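Take a look at the letters that make up each chain.
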Amino acid sequence: PSGLSIFYISTIISQVTYSSGLSSFVSGVGSEMIEVTPFFHTMALAIKEGLPGKDDEIITTTLFCYVISSLVTGITFYSLGKLKLGKIVGFFPRHILIGCIVGVGYFLLATGLEVTTRAAKVEYTWSFFANLFTNVDTLMKWGLPALLTVVLIFTQRCFSNSLVLPSFYIATLVAFHFIVALIPNVSLDKLRQIGWIFPVAASSDKWYDHYKLFDFSKVHWFLVLKQFPTMMALTFFGILHVPINIPALAISLQKDKVDVDKELIAHGYSNFISGLFGSIQNYLVYTNSVLFIRAGADSAMAGYILALLTFAIMVIGPVLISYIPICIVGSLIFLLGYELIYEALVETLGKVTPFEYLTILIIVLTMGIFDFVLGVIVGILI
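Rules used throughout
Residues numbered from 1 in each chain as written. Predicted model: local features only at pLDDT ≥ 70, side-chain atom pairs only at ≥ 80, totals over all residues. Heavy atoms only, no water. Helix = DSSP H or I, 4+ residues; strand = E, 2+ residues; numbered from the N terminus. Rg over C-alpha atoms; globule rule 2.2 N^0.38 Å. Contact = heavy atoms within 4.5 Å. Areas by Shrake-Rupley, 256 points an atom, 1.4 Å probe, with all protein chains shown as cover. Lys, Arg positive; Asp, Glu negative; His and termini not counted. Charge placed at Lys NZ, Arg CZ, Asp CG, Glu CD. Core = buried A, V, L, I, M, F, W, Y, C linked by side-chain atoms within 4.5 Å. Buried < 20%, exposed > 50% of the residue type's maximum accessible area, 1.4 Å probe, protein only. Phe/Tyr/Trp six-rings, centres within 6.5 Å; stacked < 30°, edge-to-face > 60°. Lys NZ or Arg CZ within 6 Å of the ring centre and 35° of its normal. Polar contact = N/O pair within 3.5 Å; in protein donor to acceptor, adjacent residues only side chain to side chain. Axes fitted to C-alpha atoms, helices over the stretch in contact; angles between N-to-C directions. Parallel < 35°, antiparallel > 145°, perpendicular 65-115°, else oblique. Nonpolar A, V, L, I, M, F, W, Y, C, P; charged D, E, K, R; others polar. Patch = residues over 30% accessible without salt bridge, like charges linked within 9 Å, V, L, I, M, F, W, Y side chains within 5 Å. Salt bridge = Lys/Arg side-chain N within 4 Å of Asp/Glu carboxyl O.

Undergrad: Could you give an account of the overall build of the protein, with specific residues and numbers?
TA: A count of helices and strands for the protein gives 16 helices and two strands. Scaling as 2.2 N^0.38, a compact globule of 382 residues should have a C-alpha radius of gyration of about 21 Å, and the protein matches this with 22 Å. Taken along its principal axes, the extent of the C-alpha atoms in the protein is 55 × 55 × 45 Å. In the protein, the share of contacts with a sequence separation of at least 24, taken over all contacts with a separation of at least 6, comes to 80%. Carbon and sulfur atoms form 71% of the exposed surface of the protein, whose accessible area is close to 19300 Å². Of the side-chain charges in the protein, 21 are positive and 23 negative, and the distance between the mean point of each set is 2 Å.

This is the structure we're talking about:
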């Protein structure tokens, strides 16, 4: 529950910051920076080893490391923007950014499989993919969301209204619970047990209870200093996203000119304020922003409403998640993955040279086989 609250606080702060006009994308979606989680694990485990058996002190010291890293990230982003270093985006040619878009789309499809089948990770083995088709239960779990996605794609082609997407998923949610209520031997608890609905995350903690963990007397500052190299690596990794996400979002939304320096300053404010509120790094999320804007979010008010609803969900707690069918979430992930891949691989045919198109494919393969960042580096080298 404390982790969820910290996630929500960072997300709300970033959303309000961007929608307030500090970013050019006032209806872009801000969120906690998911990709830095491995760095959080590294710091937490190192502190745990340094303080064996002292759980309260481990948690408090770890939280202070997270908050300080958020402050450092904010200062770094702001400084880069003020020094007009946004021009580094010029080193990322258009087809490199398109390759990143395909890479994100590919990762979304893989994530969709992981979420729906409850697999820990997609494995590129014959046995893994054979199981997807030979195991009836597994086939149903990813096949149903895939079918929902196909139906929605054709529905959107027939009706161009921006309300089609949210209406489709709301109707699917209602239909799912209606069918469950009609079948006598099926209950929500049973579906949770077999992996069709997210499990109950019950807790008596309030959303603000984690602030009780910030006790200066329990912080081991020497261990905090030892984590500073990891904080710097985390900050550097966070910086990589803005020169990629912002131009990629501009391409997807057909915006010709975007001031990257302005976006860096906005990220500086959102991260520094997040740190002041005892939370963690955040950034403008490319995939969520594309989905949100294509669903009709075209003003700052949409961003404010999103922040307000996120706050409401934070106050209510994680109980709502236990009523959401996994197939709906999986379908949403599949849809976005498909749209990004189609946009970058199909719509670019004839618009980029054969060499550039080959570069895009190499970037995607590198990202899929090895690593996202390595894919970007390979693209730049080519």
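That shown, we press on.
Undergrad: Describe the nonpolar core, naming the residues involved and giving the relevant values.
TA: Counting 49 residues, the largest nonpolar core has Phe25, Leu152, Tyr169 and Tyr286 as its most contacted members. Element by element, the count of residues in this core is highest for helix α14 (residues 326–346), at nine residues. Every residue in contact with Phe25, bar those within four places of it in the chain, is listed here: Tyr18, Ile246, Leu249, Ala250, Leu253, Lys255, Val258, Glu263 and Leu284. In this structure, Phe40, Leu51, Leu234 and Tyr283 belong to the second largest nonpolar core, which totals 22 residues.

Undergrad: Outline the packing of aromatic side chains, listing residues and values.
TA: Summed over all chains, the structure comprises 16 aromatic pairs. Considering the side-chain rings of Trp207 and Tyr208, the 5.5 Å spacing of their centres and the 85° angle between planes classify their relative orientation as edge-to-face. Here Trp207 falls in the partly exposed class, since its relative accessible area comes to 26%. Its relative accessible area of 43% is what places Tyr208 among the partly exposed residues. Relative to Phe214, the ring of Tyr211 has its centre 6.2 Å away and its plane inclined at 35°; by these criteria the two rings are tilted. The exposure class of Tyr211 is partly exposed, given its relative accessible area of 32%. One aromatic cluster in this structure is built from Phe64, Tyr211, Phe214, Phe216 and Trp221. Directly above the ring of Phe154 sits Arg157, whose terminal nitrogen or CZ lies 5.8 Å from the centroid.

Undergrad: Talk me through the side chain of Arg192; I want residue IDs and the actual numbers.
TA: The residue Arg192 is located in helix α8 (residues 188–193) in this model. A polar atom in the side chain of Arg192 sits 2.7 Å from the side chain of Asp189.

Undergrad: Quick one: what's the story with the environment of Ile377, residue by residue and with numbers?
TA: With respect to the helices and strands, the residue Ile377 is situated in helix α16 (residues 372–381). Between the C-alpha atoms of Ile377 and Leu165, which are 212 residues apart in sequence, the distance is 35 Å.

Undergrad: Describe the packing of helix α12 (residues 286–294) against α14, and please don't skip the residues or the numbers.
TA: Interhelical geometry of α12 versus α14 gives an angle of 95° and a closest axis separation of 11 Å. Viewed along their axes, α12 and α14 adopt a mutual orientation that is roughly perpendicular. Here Tyr286, Thr287, Leu291 and Arg294 of α12 lie close against α14, whose contacting residues are Leu332, Leu336, Glu339, Leu340 and Glu343. Taken together, the residues of the contact of α12 with α14 break down into five nonpolar, one polar and three charged.

Undergrad: Could you give an account of the environment of Glu347, with specific residues and numbers?
TA: Here Glu347 lies in the loop between α14 and α15 (354–369). Taking the relative accessible area as the measure of exposure, Glu347 reaches 41% and is therefore partly exposed. Taking the C-alpha atoms as reference points, Glu347 and Pro1, 346 residues apart in sequence, are found 43 Å from one another.

Undergrad: Talk me through a nonpolar patch on the surface; I want residue IDs and the actual numbers.
TA: A surface patch of nonpolar side chains, about 600 Å² in accessible area, is lined by Ile75, Tyr208, Tyr211, Phe272, Leu276 and Phe277. As for its placement among the helices and strands, Tyr211 is situated in the loop between α8 and α9 (221–226).

The values are spatial; any link to function lies outside them.
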